[in-house]
2 protein chains.
Amino acid sequence: MRIWFFCCIFALVMLCNDIHKALCETARNYRQICIVADQNLTLDIPFLEGFPCLRLFVSERHKSIEMVAQIWDFLFEHDITRNGLLVAIGGGVLTDVAGFAASTYKRGIDYLNIPTTLLAMVDASSGGKTGFNYHGLKNNIGVFSSPIATLIWPQWLHTLPYRQFLSGYAEMLKTGLLEGNGLWGQLLQYDLDTMDTQAIVPLIEACLASKERIVAADPQEKGLRKVLNLGHTFGHAMEELSLIATDTEEKPDGLLHGYAVLYGLIAELYLSVIKLGCSKEPLQQLSQLMLHQYGRPDCKCSDRERLIRLMRQDKKNEHAGEINCTLIQSVGSPVVNQKITPEEAEEALDYLFSL
Amino acid sequence: MRIWFFCCIFALVMLCNDIHKALCETARNYRQICIVADQNLTLDIPFLEGFPCLRLFVSERHKSIEMVAQIWDFLFEHDITRNGLLVAIGGGVLTDVAGFAASTYKRGIDYLNIPTTLLAMVDASSGGKTGFNYHGLKNNIGVFSSPIATLIWPQWLHTLPYRQFLSGYAEMLKTGLLEGNGLWGQLLQYDLDTMDTQAIVPLIEACLASKERIVAADPQEKGLRKVLNLGHTFGHAMEELSLIATDTEEKPDGLLHGYAVLYGLIAELYLSVIKLGCSKEPLQQLSQLMLHQYGRPDCKCSDRERLIRLMRQDKKNEHAGEINCTLIQSVGSPVVNQKITPEEAEEALDYLFSL
C-alpha cells in the first residue's frame with residue numbers, strides 16, 4: 001500500500017518594509033513564541049518584546065549537534081508545546097540549525113525565519129533545507145521542512161559587512177546562471193562597490209522567485225532541484241577543507257560559504273566548457289569578478305587531493321566514491337547529475353588556482 | 001503561497017513466513033545496504049549476509065542522542081549515499097532510533113523495519129513515528145517518517161520472554177478498546193498462559209489493520225491519530241518516572257512500555273467512567289487481567305505528584321501545563337483531547353494504586 005504524506009506548509013516568503021507589521025500578520029495567532037537570535041544583532045522589534053530569547057554565538061564551526069541541543073534545551077525549559085512557534089533571526093547557519101531543532105522537537109513545531117544576511121535572504125532561509133555539519137561534512141544531518149514564513153527585511157543589509165554581502169551575492173550569481181541572460185546580465189551590471197541596498201531589492205526578488213519555482217516543483221531534491229547545486233560540489237569541498245585547515249581562534253568561520261560557491265562556480269563553469277561545450281564567456285566574466293572583488297582562493301595546488309576526497313563523500317552523490325556535479329550547457333540551461341572523473345576535477349582546480 | 005510537500009512513502013506492512021524471501025522482494029534493488037540489530041539477536045537470514053552490521057546494546061535508557069550518533073557514524077563510515085537502505089532489526093527502541101537516524105542522515109535515506117518483539121510488531125515499527133528520549137521525556141525529539149516496509153516474521157515470538165510478550169499484548173488490548181467489542185472480546189479470550197504464537201497471528205493482523213487505517217487518515221497526529229494515545233498520558237508518565245527511579249544496573253529498562261500502557265489504560269478507563277459515563281465493564285475486565293497477569297504497578301501513592309508533573313510536560317499537550325488524554329465513551333468509541341484536572345488525575349491514580 002502506498003501512503004502519501006501531506007505536510008501542508010506555508011512557504012511564504014515576504015519582502016517587507018515593516019518587520020513588526022509582518023510579524024503581526026504571520027505570528028499573532030501563536031500563544032507561545034520563543035526566539036533564537038544571533039548574539040551580534042541589535043533586536044529592536046516591538047512585536048518580539050517580552051518573549052523568551054536565546055542568543056547564540058554563531059559560526060560555520062558551531063553548526064553542530066551541540067548548537068541544536070542548546071535550542072532543544074531552550075524550548076524544553078520554556079515548556080513549548082507542539083502548538084508553539086520558534087522565530088529564528090540571523091544568518092544561514094542560525095536559520096538552518098534552528099529549523100532542524102524546531103522540526104524535530106516533539107516531532108516538529110512551527111518555525112519562522114528572519115534572515116539577516118544577504119546569503120540567508122536569497123538562499124538558506126527558504127526552500128526547506130535544515131541541518132547541521134557532522135564529521136566535518138556540510139549539512140550532513142538534516143531534514144526537509146519549511147518555515148511557516150520567511151520575512152525578508154532589507155534594512156538588515158545596511159550594517160552587513162562587505163565580505164558578507166559578497167558572500168550572498170555569489171548565490172545570486174549562481175541563480176543568474178541558472179535563470180538565463182536577463183537576470184545574469186542585470187547581476188553583472190550591479191555595482192558591487194557601492195553596495196546599493198535599494199537597487200539590490202528587485203534582484204533579491206528575482207532570485208527568490210527563481211528558487212521558489214524550482215523548490216515547489218521538487219521539494220525533496222529528487223531531480224530538478226539539483227540545479228541549485230551548481231557550484232556547490234567544488235564549493236562545499238573547499239568550505240570543508242577550510243574548516244579543517246584554518247586556525248579556530250583567528251578565523252572562526254573558515255571560508256565564507258558564498259566565496260566557496262563562487263570558486264566552485266568557476267571550477268564547474270570550466271567543466272561546463274570542456275565537457276558540454278558551454279561558451280567561455282560566463283567563465284571569463286566570473287573569473288574577472290573574482291579577481292576584482294572576491295580575491296583568489298586561499299587553497300594551494302597541494303590541497304587538490306584532499307578536495308577531491310571530500311567531493312567523493314558529498315551527500316549529493318548517488319553512488320559511493322563518485323563525483324556528481326550540476327553543469328550548464330549555456331546560461332539558463334543547467335544539466336544535473338554530471339559525473340566527473342578525479343582527473344577532470346583536478347584540471348578544473350588547476351584552472352581555478354592558475355587565475 | 002501554500003506548498004504541499006508530497007513524500008511518497010511505501011508504508012508496506014507485511015506478515016511473512018519467510019523473512020529471506022520478503023527481504024528479496026522489498027530490498028533487492030538497493031546497491032548499498034547496512035544493518036542495525038539488537039546485539040542479543042541471532043541473525044540467520046541469508047539475504048543479509050555480507051552486509052555491514054552494527055550490533056547495539058538496546059534498552060529504554062539507551063534511547064538517546066548517543067545511540068542515534070552511533071548509527072550516523074556507522075552509516076558515515078560505510079559511505080552510505082542517499083540511495084542506500086538501512087535495515088533495522090530489533091524491538092521498538094531500536095526501530096524508533098534507527099528510523100530517526102536514517103530519516104536525518106543526509107536529510108533522509110530509506111529504512112526498513114524488522115520488528116522482533118510483539119510490541120514492535122503491533123506498534124512501534126509502523127506508523128512513521130521515530131525518535132528518542134530527551135531530558136527524561138519519552139520520544140521528545142523525533143520526526144514523522146515511514147519505513148519503506150515493515151516485515152513481520154512471527155518466528156521471532158518463539159524466543160520472546162513472557163514479560164516482553166505481555167508488554168506487546170497491552171498495546172493490542174488498547175487497539176481492542178479502540179476498535180470495538182469484536183476485537184476486544186477476542187483479545188480477552190486469548191490464552192495468555194500458553195502464549196500460542198500461531199493463535200496470535202490473526203490478532204496481530206487485526207491490530208495492524210486498525211493502526212494502518214488510523215495512521216493513513218492522519219499521519220501527523222493532527223486529530224484522529226490521537227486515539228492511539230489511549231493509555232499513554234498516564235503510561236508515559238509512569239514509564240518516565242520509573243526511568244528516573246530505578247537502579248541502572250539492576251533494572252536497566254525501567255518499567256516495560258506495555259506494562260506502563262496497561263496501567264495507563266486502567267487510569268484512563270477510570271476517567272472514562274467518571275467523566276464520560278463509560279460502562280464499568282471494560283475497566284473491571286482490564287483490572288482483573290492486570291491482577292492475574294501483569295501484577296500491580298511498582299509506583300507508590302507518594303509518586304502521584306511527580307507523575308502529574310510529568311503528565312503536564314507531555315508532548316501531546318496543546319497548551320503548557322495542562323493534561324490531555326484520549327478517553328472512551330464505550331468500547332470502540334474513543335474521544336480525543338479530553339482535558340483532565342490534576343485532582344481528576346490524582347483520583348485515577350488512587351484507583352489504580354488501590355487495586
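Keep in mind it's a predicted model, so treat the numbers as computed, not measured.

1. Observations regarding the overall build of chain A
Of the regular secondary structure elements, chain A holds 12 helices and 11 strands. For 355 residues, the compact-globule estimate of 2.2 N^0.38 gives 20 Å, and the C-alpha radius of gyration of chain A, at 20 Å, lies within 12% of that figure. If one aligns the C-alpha atoms of chain A with their principal axes, the spans along those axes are about 55 × 50 × 45 Å. Per-residue burial over chain A gives 63% buried out of 355 residues. Of all intrachain contacts in chain A linking residues separated by at least 6 positions in sequence, the fraction that spans at least 24 positions is 73%. Accessible area of chain A: about 13500 Å², with a carbon and sulfur share of 48%. Charged side chains of chain A number 31 positive and 41 negative; the gap between the two group centres comes to 6 Å.

2. With respect to the pairing of strand β11 (residues 333–340) of chain A
Residue and element names in this part refer to chain A. Here strand β10 (residues 323–330) pairs with β11 via six bridges, running antiparallel. In the strand pairing of β11, cysteine 325 is matched with glutamine 338. Connecting β10 to the next strand, β11, in antiparallel fashion are two residues, including glycine 332 with a positive phi near 100 degrees.

3. Focus on the interface of chain B and chain A
Interface size is commonly expressed as the accessible surface area that is lost when the partners come together. Across the boundary between the two partners, chain B contributes 56 residues, which contact 55 residues of chain A. When the two sides are added together, the surface that chain B and chain A hide from each other amounts to roughly 5700 Å², 60% of it contributed by carbon and sulfur. Linking chain B with chain A are two salt bridges. Notably, a salt bridge pairs glutamate 221 of chain B with arginine 82 of chain A, separated by 2.9 Å at the nearest N-O pair. At the surface where chain B touches chain A, the tally comes to 14 residue pairs in polar contact (both at pLDDT 80 or more).

4. So, the relation of the copies chain B and chain A
When chain B is fitted onto chain A, the two copies agree to an RMSD of 0.0 Å after a turn of 180 degrees and an axial shift of 0.0 Å. Such a combination of rotation and displacement between the chain copies is what one expects of a two-fold axis. Most of the interface of chain B is mirrored in chain A, where 98% of its interface residues are also at the interface.

5. Side note on the sheet that holds strand β3 (residues 33–38) of chain A
Residue and element names in this part refer to chain A. An order of β2-β9-β6-β5-β3-β4 is seen for the six strands of this open sheet, with the pairing classed as parallel. Bordering the open sheet on either side are β2 (12–15) and β4 (53–56), each of which pairs with just one other strand. In this sheet, neighbouring strand axes are inclined to one another by 15 degrees on average, regardless of whether the strands run parallel or antiparallel. Pairing analysis gives four bridges linking β2 to strand β9 (residues 149–152), with the strands arranged parallel. From the neighbouring strand, valine 13 faces β9, where its bridge partner is threonine 150. Running at roughly 165 degrees to β4, helix α2 (residues 65–77) makes contact with β3, β4 and β5 (85–90) of the sheet.

6. Some thoughts on the sheet that holds strand β4 (residues 53–56) of chain B
Residues and elements named next belong to chain B. With parallel pairing, six strands are arranged side by side in an open sheet as β2-β9-β6-β5-β3-β4. Looking at the sheet topology across the chains shown, the edges are occupied by β2 (12–15) and β4. With strand direction ignored, the average angle separating the axes of adjacent strands in the sheet is 15 degrees. Pairing of strand β3 (residues 33–38) with strand β5 (residues 85–90) involves five bridges; the strand directions are parallel. In the strand pairing of β5, valine 36 is matched with alanine 88. Its contacts with the sheet place helix α1 (residues 19–27) against β2, β3, β5, β6 (110–115) and β9 (149–152), and it is angled at close to 170 degrees to β9.

7. Comments concerning the pattern of salt bridges
This model, assessed by the stated rule, comprises 22 salt bridges over all chains. The salt bridge partner of lysine 138 of chain B is glutamate 60 of chain B, with a shortest N-O separation of 3.0 Å. In this pair, lysine 138 of chain B sits in strand β8 (residues 137–144) while glutamate 60 of chain B sits in the loop between β4 and α2 (65–77), placing the two residues 78 residues apart along the sequence. Glutamate 346 of chain B is paired through a salt bridge with arginine 304 of chain B; the nearest N and O atoms lie 3.6 Å apart. Note that glutamate 346 of chain B is positioned in helix α12 (residues 342–354) and arginine 304 of chain B in helix α11 (residues 304–312), a separation of 42 residues in sequence. Each of Glu60, Lys138 and Glu239 of chain A takes part in a single network of salt bridges with overlapping partners.

8. Observations concerning the packing of aromatic side chains
Using the criterion set out here, one finds 20 aromatic pairs over all chains in the structure. Measuring from ring centre to ring centre gives 6.5 Å for phenylalanine 132 of chain A and tyrosine 134 of chain A, while their planes differ by 80 degrees; the resulting arrangement is edge-to-face. A single burial state applies to phenylalanine 132 of chain A and to tyrosine 134 of chain A, both of which are buried. An aromatic cluster is defined as three or more aromatic residues linked by ring pairs; in this entry it consists of Trp72 of chain A together with Phe100, Phe132 and Tyr134 of chain B. The side chain of arginine 107 of chain B reaches across the aromatic face of phenylalanine 144 of chain A, ending 5.8 Å from its centre.

9. Re the side chain of threonine 116 of chain B
Residue and element names in this part refer to chain B. By secondary structure assignment, the location of threonine 116 is in the loop between β6 and α4 (118–124). For threonine 116, a relative accessible area of 6% gives the class buried. Leave out the neighbours within four places in its chain, and threonine 116 touches Leu41, Ile89, Gly90, Gly91, Met121, Trp156 and Leu160.

10. Remarks on helix α8 (residues 232–245) of chain A
Spacing of three or four residues puts side chains on the same side of an α-helix, whose turn is 3.6 residues. Here α8 of chain A contains 14 residues, and its C-alpha end-to-end distance of 19 Å stays within 8% of the 20 Å for a straight helix at 1.5 Å per residue. Counting buried positions along α8 of chain A yields 12 of 14 residues, so the element is predominantly enclosed.

11. A short note on the environment of tyrosine 263 of chain B
Residues and elements named next belong to chain B. Its location among the elements puts tyrosine 263 in helix α9 (residues 257–276). We classify tyrosine 263 as buried; its relative accessible area is 2%. For the pair tyrosine 263 and aspartate 110, spaced 153 residues apart in sequence, the C-alpha to C-alpha distance is 35 Å. Residues in contact with tyrosine 263, not counting those within four places in the same chain, are Met238, Leu255, Met290, Tyr294, Gly295, Arg296, Pro297 and Leu352.

Conventions we followed
Residues numbered from 1 in each chain as written. Chains lettered and ligands numbered in written order. Predicted model: local features only at pLDDT ≥ 70, side-chain atom pairs only at ≥ 80, totals over all residues. Heavy atoms only, no water. Helix = DSSP H or I, 4+ residues; strand = E, 2+ residues; numbered from the N terminus. Rg over C-alpha atoms; globule rule 2.2 N^0.38 Å. Buried < 20%, exposed > 50% of the residue type's maximum accessible area, 1.4 Å probe, protein only. Contact = heavy atoms within 4.5 Å. Areas by Shrake-Rupley, 256 points an atom, 1.4 Å probe, with all protein chains shown as cover. Lys, Arg positive; Asp, Glu negative; His and termini not counted. Charge placed at Lys NZ, Arg CZ, Asp CG, Glu CD. Pairing = 2+ DSSP bridges. Buried area = accessible area lost by both parts, 1.4 Å probe. Salt bridge = Lys/Arg side-chain N within 4 Å of Asp/Glu carboxyl O. Polar contact = N/O pair within 3.5 Å; in protein donor to acceptor, adjacent residues only side chain to side chain. Least-squares fit on C-alpha atoms with pLDDT ≥ 70 in both. Axes fitted to C-alpha atoms, helices over the stretch in contact; angles between N-to-C directions. Phe/Tyr/Trp six-rings, centres within 6.5 Å; stacked < 30°, edge-to-face > 60°. Lys NZ or Arg CZ within 6 Å of the ring centre and 35° of its normal. Expected span 1.5 Å × (residues − 1).

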